[in-house]
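What follows is each chain in one-letter form.
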Protein chains: 2
Amino acid sequence: MSSSSAAPAAKPPMREALVAAAFQLFLERGYEQTTVDDIAALAGVGRRSFFRYFPSKEDVVFPDHERCLADMTAFLAAGGEEHEPVRRVCDAARLVLGMYAENPTFSVQRYRLTKQVPGLRAYELSVVWRYERALAEYLRGRFAGRPDGTLRADVVAAAVVAAHNNALRSWLRSDGLGDAGAAVDHALGYVQKAFGRGTEPGASPVRAAAVTAGEPAGPGEDVVVLVSRRDAPLWRVVQELETALGRC
Amino acid sequence: MSSSSAAPAAKPPMREALVAAAFQLFLERGYEQTTVDDIAALAGVGRRSFFRYFPSKEDVVFPDHERCLADMTAFLAAGGEEHEPVRRVCDAARLVLGMYAENPTFSVQRYRLTKQVPGLRAYELSVVWRYERALAEYLRGRFAGRPDGTLRADVVAAAVVAAHNNALRSWLRSDGLGDAGAAVDHALGYVQKAFGRGTEPGASPVRAAAVTAGEPAGPGEDVVVLVSRRDAPLWRVVQELETALGRC
């Protein structure tokens, strides 16, 4: 965003004024019928001032995505080995939701506008693609060296974006009523269950754990609980069992 | 596709000639430096003939996607209740692969071109989006009435497309060498393992236990739960397990 280096602490009022003027005209006349000159005039500035803030008319419709993409990239880069990767990308996706939920009225207006204007739909697809690539790149780094690392990264990133957008769009369709955060948490929870640690499709079909029943007693009182997919190979089940029993 | 009703049995030679002329010029001069007039002239027809086959210069780069989308929609519509939904959308995605694998040289040329021209990248994103929506719409129908039906549909569709494209792009990057079909099968297998019948993240562990206790289900569908005292002899545990697995 060309303006961010000039005023990093807060959005410049002129930028906000241009966005407000643009949406006022889009709603009154329609997107196609509004020119950049119209927007600049309503905001009380010249055409060149508009282009100082936005490269094109389309960009004024999505004024916060560049900042949000930068925030997301920084958030992912700040993550360490201690962060479970799938959870981390889910948290990164929540930054996008935060941007929408910050201003429900504006988000709903934009959603309706985007549905009507094919050019804006295409723009939005390219933005969504950039979010998805940011998540996938992070996951590719975290999954490097694992079998199917890039496949897993791409699939999880796509699933996270799809889940996020499913919940976001439901919220936008409901005019921004209801709890967007809870809806997105639920949707992302579905993806975490499918792909989070210990539930990867490639993970062992067998789980075994030693459980101490009741009060601490002698070693012989512990119980081993083993859950296995019925089609798991027997050797795999026994191996898991031996580990849980502490006998190998 | 405007031409498909005129000649449904085979691609009209003129259409192929226009595609061949276009790619010859794109490779020689670059995409931006080639006009529709140039393409038409090389193919020996007028500008109007070009537009009879393709709405724009971008469309000549992706001459088969409309047909493939129609094939995919028809394939999904022809499916019945007996088709496991996740497998069905994986099979539908294989139709797209088939289109690419039919003509590796052309597919690799287009891949390189698309990477260089942002406008084509945007076009491709919109095509990918349409494939993903076709898969998601089918799954929404199949998952209707299930909890989180639309969420599940959108996530699975996105995962299938991401897996397909991960394998497809690896193949295109390797200049169309190697077995594209096997790579895509492997990638789609990963998604089927994550989301196919019996492995849904939403499947309750209580239900899984009831399946084991009740009537036998399909292979891989049920789960064996084993509880053992930790000091039980291993041979005794394995014997118990073999009985539960039905393997002795």
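Conventions we followed
- Starting from 1, residues in each chain are numbered consecutively following that chain's sequence as written.
- Whichever chain is written first is A, and whichever ligand is written first is 1; the rest continue in order.
- Residue-level local features of this predicted model are given only where pLDDT is at least 70; pairs of side-chain atoms are given and counted only at 80 or more, and the full residue set underlies all totals for whole chains, interfaces and linings.
- Side-chain numbers come from the whole structure's heavy atoms, not from hydrogens or water.
- To qualify as a helix, a DSSP run of H or I must reach at least 4 residues; to qualify as a strand, a run of E must reach at least 2; elements of each kind are numbered from the N terminus.
- The cut-offs for exposure are 20% and 50% of the maximum accessible area for each residue type, with area from a 1.4 Å probe on protein chains only; residues under the lower value are buried, those over the upper are exposed, and the others partly exposed.
- Contacts are residue-level and defined by heavy atoms, with any inter-residue pair within 4.5 Å sufficient.
- When we speak of the arc, we mean the arc of directions from the helix axis to the C-beta atoms.
- One fewer than the residue count of a helix, multiplied by 1.5 Å, yields its expected span.
- UniProt positions are given in the numbering used here, feature names are shortened, and annotations may be inferred rather than shown by experiment.
- Each Phe, Tyr or Trp ring (for Trp, its six-membered ring) is paired with any other whose centre lies within 6.5 Å, and the angle between the two planes then decides the class: stacked below 30 degrees, edge-to-face above 60, tilted in between.
- Two thresholds decide whether a charge sits over a ring: the Lys NZ or Arg CZ must be within 6 Å of the ring centre and within 35 degrees of the ring normal.
- Fitted lines through C-alpha atoms give the axes, limited to the stretch in contact for helices. The angle between two N-to-C directions lies from 0 to 180 degrees.
- Convention used here: angles under 35 degrees read as roughly parallel, angles over 145 as roughly antiparallel, angles from 65 to 115 as roughly perpendicular, and any remaining angle as oblique.
- By convention the crossing between two helices is left-handed if the near helix lies anticlockwise of the far one by an angle smaller than a right angle, and right-handed if it lies clockwise.
- Residues are sorted three ways: Asp, Glu, Lys and Arg are charged, Ala, Val, Leu, Ile, Met, Phe, Trp, Tyr, Cys and Pro are nonpolar, and all the rest, Gly among them, are polar.
- The quantity known as pLDDT measures the predictor's confidence residue by residue, on a range of 0 to 100.

### Considerations on the overall build of chain A
So, step 1. Check the secondary structure of chain A and you find 11 helices and two strands.
So, step 2. Helices (α) and strands (β) of chain A occur, in sequence order from the N terminus, as α-α-α-α-α-α-α-α-α-α-β-β-α.
So, step 3. Looking at chain A residue by residue over its 248 residues, the buried ones come to 48%.
So, step 4. Put simply, 61% of the contacts in chain A that link residues at least 6 apart link residues at least 24 apart.

### Details of the environment of G46(A)
Residue and element names in this part refer to chain A.
So, step 1. Structurally, G46 is set in the loop between α2 (36-43) and α3 (47-53).
So, step 2. Of the residues examined, G46 reaches a relative accessible area of 36% and is grouped as partly exposed.
So, step 3. The sequence separation of G46 and V36 amounts to 10 residues, and the corresponding C-alpha distance is 9.4 Å.

### Regarding α2(A)
Residues and elements named next belong to chain A.
So, step 1. Of the positions making up α2, those classed as buried are V36, I39, A40 and A43. Looking down the long axis of α2, one finds its buried residues gathered within 95 degrees of arc, a one-sided arrangement.
So, step 2. Structurally, α2 contributes buried residues whose contacts are with α1 (13-29), α3 and α4 (57-61).
So, step 3. Where α2 ends, the next residue or the one after it, G44, has phi of about 80 degrees, a positive value.

### Here we look at unusual backbone geometry
So, step 1. One non-glycine residue, D175(A), lies in positive phi territory at about 65 degrees.
So, step 2. Looking at the element boundaries, D175(A) is found in the loop between α9 (149-173) and α10 (180-195).
So, step 3. Relative accessible area serves as the criterion here: at 42%, D175(A) is assigned to the partly exposed category.
So, step 4. If you check the backbone angles, D148(B) has positive phi at about 60 degrees while not being a glycine.
So, step 5. The residue D148(B) is located in the loop between α8 (118-142) and α9 (149-173) in this model.

### Points about helix α6 (residues 85-102) of chain A
Given 3.6 residues to a turn, an α-helix orients residues that are three or four positions apart in the same direction.
Residue and element names in this part refer to chain A.
So, step 1. Taking 1.5 Å as the rise per residue, α6 with 18 residues should run 26 Å; its terminal C-alpha atoms sit 26 Å apart, in good agreement.
So, step 2. Along α6, the residues that are buried comprise P85, V86, R88, V89, C90, A92, A93, V96, L97, M99 and Y100.
So, step 3. In the core, the buried residues of α6 are packed alongside α5 (65-77), α7 (104-116), α8 (118-142), α9 and α10.

### A few points about the environment of R52(A)
So, step 1. Summarising the element assignment, R52(A) is placed in helix α3.
So, step 2. Here the alpha-carbon distance between R52(A) and R15(A), two residues 37 residues apart in the chain, equals 9.4 Å.

### Description of the UniProt feature "DNA-binding region" (unreviewed entry) in chain A
So, step 1. Here, the residues flagged by UniProt with the feature "DNA-binding region" (unreviewed entry) are residues 35-54 of chain A.
So, step 2. Taken end to end, residues 35-54 of chain A has its terminal C-alpha atoms 13 Å apart, with 75% of it in helix and 0% in strand.

### Observations concerning the packing of aromatic side chains
So, step 1. Tallied over the entire structure, the rule returns 15 aromatic pairs over all chains.
So, step 2. The interplanar angle of 65 degrees and the centroid separation of 4.6 Å between the aromatic rings of F23(A) and F106(A) together place this pair among those described as edge-to-face. Taken as a pair, F23(A) in helix α1 and F106(A) in helix α7 lie far apart in primary sequence, 83 residues in all.
So, step 3. Of the residues examined, F106(A) reaches a relative accessible area of 14% and is grouped as buried.
So, step 4. One aromatic cluster is present, formed by F23(A), F26(A), Y31(A) and F106(A) through successive ring pairs.
So, step 5. Directly above the ring of Y31(B) sits K57(B), whose terminal nitrogen or CZ lies 4.2 Å from the centroid.
So, step 6. Over the face of the ring belonging to F75(B) we find R88(B), whose NZ or CZ atom lies 3.8 Å from the ring centre.

### Topic: the packing of helix α1 (residues 13-29) of chain B against helix α2 (residues 36-43) of chain B
When two helices pack together, their arrangement is given by the angle between their axes and by how far apart the axes lie.
Residue and element names in this part refer to chain B.
So, step 1. Where α1 meets α2, the closest approach of the two axes is 8 Å, and the angle between their N-to-C directions is 120 degrees. For the element pair α1 / α2, the angle class is oblique. Considering how the two elements wind past one another, α1 and α2 form a crossing that is right-handed. Only D38, I39, A40, L42 and A43 of α2 make contact with α1, whose side of the interface consists of A17, L18, A21, A22, Q24, L25, F26 and R29.
So, step 2. Looking at side-chain class alone, the contact of α1 with α2 contains 10 nonpolar, one polar and two charged residues.

### Quick notes on the packing of α8(A) against α9(A)
All names here are of chain A.
So, step 1. Running from amino to carboxyl end, α8 crosses α9 at an angle of 135 degrees, the nearest separation of the two axes being 8 Å. Taken together, α8 and α9 sit at an angle that is classed as oblique. Considering only the axes of α8 and α9, their crossing is right-handed. Each of R121, V128, E132, R133, L135, A136, L139 and R140 in α8 lies in contact with α9, whose residues at this interface are T150, A153, D154, V156, A157, A158, V160, V161, N165 and R169.
So, step 2. The residue inventory of the contact of α8 with α9, partitioned by class, reads 10 nonpolar, two polar and six charged.

### Structural notes on the confidence of the model for chain A
Low pLDDT means the predicted atomic positions in that stretch should not be read closely.
Residue and element names in this part refer to chain A.
So, step 1. Taken residue by residue, chain A gives an average pLDDT of 84. The fraction at 70 or more is 74%.
So, step 2. Across residues 1-7 the pLDDT falls below 50, and counting only partners more than four positions away or on other chains, this stretch makes 10 contacts in the model.
So, step 3. Every residue in residues 211-221 is under pLDDT 50, and counting partners more than four places away or in other chains gives nine contacts.

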